[in-house]
Amino acid sequence: MIGVLGGAGTVGRVVVDRLAGRYELRVGGRDLERAAAVCPTETARPVRVDLHDPESLAAFCDGCEVVVNCAGPSYQVLDLVARAAAAAGAHYVDAAGDFAALEALRGEPVVDLGESVSVFSAGLMPGLSGLLPRLLATRPLTRLDCYVGGAARIGELSAVDALLTRGPGFGTPLVGRRGKETMPLAPLQKVALPGFRGKVHAWPFLSAEMDALATELQVGELRNYTVYVTESIPRALAEAWADGGPLERHVPAVVAAAEDDLAATGPYYTLLFQAVPRAPASPGPRRLTLRTPDSYALSGVVAAIAAEEILHGRVKPGAHLAADVLDPAAVLDRLSGDPLVTDVELL
Amino acid sequence: MTQTELSEIWGELLDLDPATIPRDTSFLRLGGDSVLAVRMSALVRKRLAVELALSDVTVEITLDGLADLVAWRAESGGAARALPVEVERRPDPLAPFPLMSLQQGYFVGQHDGWELSYDSAHFYGDVGLTGVDGEEAPEALADALQRLALHQPALRARVTPEGAQHVLPPDAPGAIPEPQIHDLRKAEEQEIEDVLAGVRHEMSTTGPNPMSGPGLDVRLSLLPGGRARLHTAMNLLTLDGWSATLLNRELLALAADWNAVLAPLEIDFGDYVTALGRLRDTEPWTADRDWWRDRLRNAPTPPALPLRADPRDVRPTLMGTRETHLSPERWEALRGRCAAHDVTPSAAMLTAFGVALARWAGHRRMLLNSLQLNRLPLHPDIHRVIGAFASTMLLPVDLPEGRTFAELARGVHRDLTDSASHNLVSGVEVSRELARDRGTTRPVGPVVFQSTLGMDAAVGAAHTESAGPLGDVDFADFHHQLRTPQVALEVRFYELRDRMAVVFSLVEELFESDQVDAAFADLVALVESLADGPGWDLVPELPMTSDAPESTALTLARLPESADAPASGPPADELEQQICDLWEELLGVPVLDRAAGFFTLGGDSLLAVRALARLARHTGAVPTVREFLDAPTVAGLAAAVRARAEAPAL
């Protein structure tokens, strides 16, 4: 039995779709009708569950081999569901959740996971963004460039997440990494990038995920950019941060900015990674591009893959970030066959 | 108060008594033209502190109309589209400053960057002098040149290998151009002929180069019988056509009188370039750029003139010339008839050129280029400053069927006025963008129209004809030669004293000579019929076809593009990676793909010269700029570098 929490949401319904028929599913949501609507087969059963009611949550986790959490916002959920899953002896996959959530689980009170697996950041970004570049690190790299973004609708909850992507634990804007130091990087305006449509805007952002990756791979230089198709979103975020005040106040502006982007190009999302090997002539791939029309839905695909990898015993026990424990080649292979992935190129 | 001052400005510009200027007659009918109109707005700006938009100041305006406009602008606090910059004196007049976009073109041309380019882009002219004092003349000329070089810093300009420019202090070695004297007063006729021909050939084919010395070469050949010839060669990198006129006048004025002092200049060329740099990306600048983008969205091709060689394959050293002069009577009549039809002489001549080209090319819609000597009216002194101010402007010309010449000319006049009021963005940049859009590295505007009709009036004082020890200038005895890169055919209309000159400069290797002769004769006949009157009301015979027809024959409209685009992907080897890194450093954008085009990434020809120079430090052998333009991608350049490295040394 796999429990999918937030199963009626944008991400959750894809998890349900990809796992349905092959596993028994328990699809949880605040609204039973909405949860029922995404259950396609006899083997998927809708359940009403309230995240913030410990009994309801414990009941949901009870009897699951894996609990996949797609409910947010992740800055509120943190390790709440992970602990409930652990208490029920279930593995745990969080389609979002980042360092902060992982640290919370590792903190007090201490949880003994035993043989269980608990992975966070099993989505697109963070998630694939930290996992896929490893496919290029078949030999030492002097440089790694990552460009992730496009045009996608931003819901209110995701807008909050976007507004929170600042400060310790998230990352630093306008820098990259050279060796152990950060280096300043300028925003790129109206640039052409392989795999992106027309001219795009790329904002340097050294995320915690990428910073950790640079350390692990010992990359000489790492540049990570969030790509937008217009300047609307970076402008909305900058204005919100300059203004301060409660986050909620700025949500409508971020949501509207994303609508502008969608109107400009239609929905698409690209992950582009390009590496420069230290030994110029060394064989191996230098570029990986992956494109999808729907970045949120693709997070659901990743979470579903993570759940199956765990069920097949291919993930080591303990609490991790997905990028650190999933097998990048296996994940890419699964993604290549998924209808939500329009194309994958490893050159 | 304002009315009086406006009358005075018009009086000054049109050489009329301010009190007698009718208030309801257009500037054009009073003898004004677009060049003078630009100067008028500079004077209004200076004297009345009112900013007029470039689009406001047309030649159709009347004195009353101008008074209303000035009153309204003053009230509403300046123009809707004022120029948001002032020219200021730079703290260090010797500090380097960037090249203007057309200068960049010439710079790249000197590096053999373009097809149809020469070792130097320059203008050469020599003129006959009579009544010369052979003993005094050399010193008078040297002295005049020195005083002029102190007055006009651009005569001391140098261009660096990196593509920047600066002015040398007067005491720097070689800063002041010195005239060369050929004393042939005692020579035999044959010797004189040989020497003059030699000087002419040398100065026409080897221009002065501001990368290594003065951009100006002045020589005096002293001949028997108090005669002489004054030779001047000017590199277009540092001096434009307007400057050539200024230079001749001021040089002769200074030579005529040891004590002559020219009115001091408050600004220099570098101040102007610096101010223009601040104009970039301002709201009016982006508005102009967007206007051009919109206008050129469906721009026609160049005229489909039949070619006998691909411009890429010819290596011209000199441009051929066809020339004729309109008599003073006819030129005056032409001016009158233009005014009566409410078009400027320039607009009428552009229309006539368009008609002649349409008949030659076989279609009626075409893209022409024009050389613009106008300077933005940022300062009242601007018209008296020598420098390389010139710019270009693309001119889409459309000649609908069934219209009289007068109707066609009015349409062209409207288009010209409209284009000229959006001149904050240089045509060089517009062309660059158009080439990028069309995905071509071939020239987009190889047929050029240039008119300086009316410029004499704008410069002010008339030509000096008597130059003291240098004697009297005989403008009827004038020989000249032009070399400009990326031009297949250029027509020039200008005033030579009280005559109008019509000149074709062209790359002879490209065209059938008899076709050029026929087109020139056609143009001249049309111009004469306009001067004489009947040409205006006739419907010129034009081809049925609007756009250049598809054809397999080689024409200027459709030049073959170079090699196929390389396969997209990450850099395939160390050399390609090296090129990516270098371009990234130079262009400030990521260069991730081997099929990425240098110009698509935002590079321009000047940066291309730099990119190749830097790459040469890594790889030794690099292709020429011209070879690079054939395949301006990462993979293309890498292939060209490898081809160089493998080629046996010559």
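Not measured: the values here are computed from a predicted model. (Residues numbered from 1 in each chain as written. Chains lettered and ligands numbered in written order. Predicted model: local features only at pLDDT ≥ 70, side-chain atom pairs only at ≥ 80, totals over all residues.)

Participant: Can you help me understand the sheet that holds strand β6 (residues 117-120) of chain A in this one?
Facilitator: Strands pair in a sheet through their backbones, by hydrogen bonds, and they do so in one of two ways: parallel or antiparallel. Residue and element names in this part refer to chain A. Taking strand neighbours across the sheet as the criterion, the seven strands line up as β3-β2-β1-β4-β5-β6-β16 in an open arrangement whose pairing is parallel. At either end of the open sheet lies a strand with only one pairing partner, and these are β3 (44-48) and β16 (318-321). Each strand axis lies, on average, 15° off the axis of its neighbour in the sheet, ignoring direction. In this sheet, β6 lies alongside strand β5 (residues 91-94) in parallel orientation, the contact comprising two bridges. Among the inter-strand pairings, V93 is bridged to a residue of β6, identified as V119. (Pairing = 2+ DSSP bridges. Helix = DSSP H or I, 4+ residues; strand = E, 2+ residues; numbered from the N terminus. Axes fitted to C-alpha atoms, helices over the stretch in contact; angles between N-to-C directions.)

Participant: Even after reading the chapter, I still don't get the confidence of the model for chain B, so can you show me in this structure?
Facilitator: Reading predicted coordinates in detail is not appropriate for stretches of low pLDDT. Residues and elements named next belong to chain B. Across chain B, the average pLDDT comes to 88, with 95% of residues at 70 or higher. Considering each helix and strand of chain B separately, the mean pLDDT is smallest for helix α14 (residues 455-459), with a value of 58, and largest for helix α15 (residues 513-532), with 97. Both scores are available for the predicted complex, with the pTM at 0.73 and the ipTM at 0.89. (pLDDT = per-residue confidence, 0-100.)

Participant: Looking at this model, I keep getting lost on the packing of helix α5 (residues 137-151) of chain B against helix α7 (residues 241-256) of chain B. Mind explaining?
Facilitator: Angle between the axes and distance between the axes: these two values describe a pair of packed helices. Residues and elements named next belong to chain B. Contact geometry for α5 and α7: axes closest at 8 Å, N-to-C directions at 125°. Classified by the interaxial angle, the pair formed by α5 and α7 is oblique. Judged by the twist between their axes, the crossing of α5 over α7 is right-handed. For the pair α5 and α7, the contacting residues are A140, L141, A144, L145, R147 and L148 in the first and E250, L251, L254 and A255 in the second. Per-class residue counts for the contact of α5 with α7 are eight nonpolar, no polar and two charged. (Parallel < 35°, antiparallel > 145°, perpendicular 65-115°, else oblique. Left-handed = near helix turned anticlockwise from the far one by under 90°. Contact = placed C-beta atoms within 7 Å. Nonpolar A, V, L, I, M, F, W, Y, C, P; charged D, E, K, R; others polar.)

Participant: Mind showing me how you'd approach unusual backbone geometry here?
Facilitator: The general pattern is negative phi for most residues beyond glycine and trans for most peptide bonds. With omega at -20°, the peptide bond leading from E108 of chain A into P109 of chain A counts as cis. With respect to the secondary-structure elements, P109 of chain A resides in the loop between α6 (99-106) and β6. The phi torsion at S121 of chain A lies on the positive side, around 55°, for a residue other than glycine. Looking at S121 of chain A, the number of C-beta atoms within 10 Å reads 32, which means it is buried. The phi dihedral of D281 of chain B is positive, around 65°, even though this residue is not glycine. You can see D281 of chain B is positioned in the loop between α8 (269-279) and α9 (283-295). (Buried ≥ 20, exposed ≤ 12 C-beta atoms within 10 Å, placed from the backbone.)

Participant: I would appreciate a short explanation of the domain arrangement of chain A in the present structure.
Facilitator: You'll often see interface size given as the accessible area lost when the parts meet. Residue and element names in this part refer to chain A. According to the domain assignment, chain A consists of domain 1 (2-123 + 297-346) and domain 2 (139-283). Computed from C-alpha coordinates alone, the two centres of domain 1 and domain 2 are separated by 25 Å. Contact residues are listed per partner, giving eight residues for domain 1 and eight residues for domain 2. Broken down by class, the residue content of the side of domain 1 that touches domain 2 amounts to five nonpolar, three polar and no charged. (Domains from an automatic or database assignment.)

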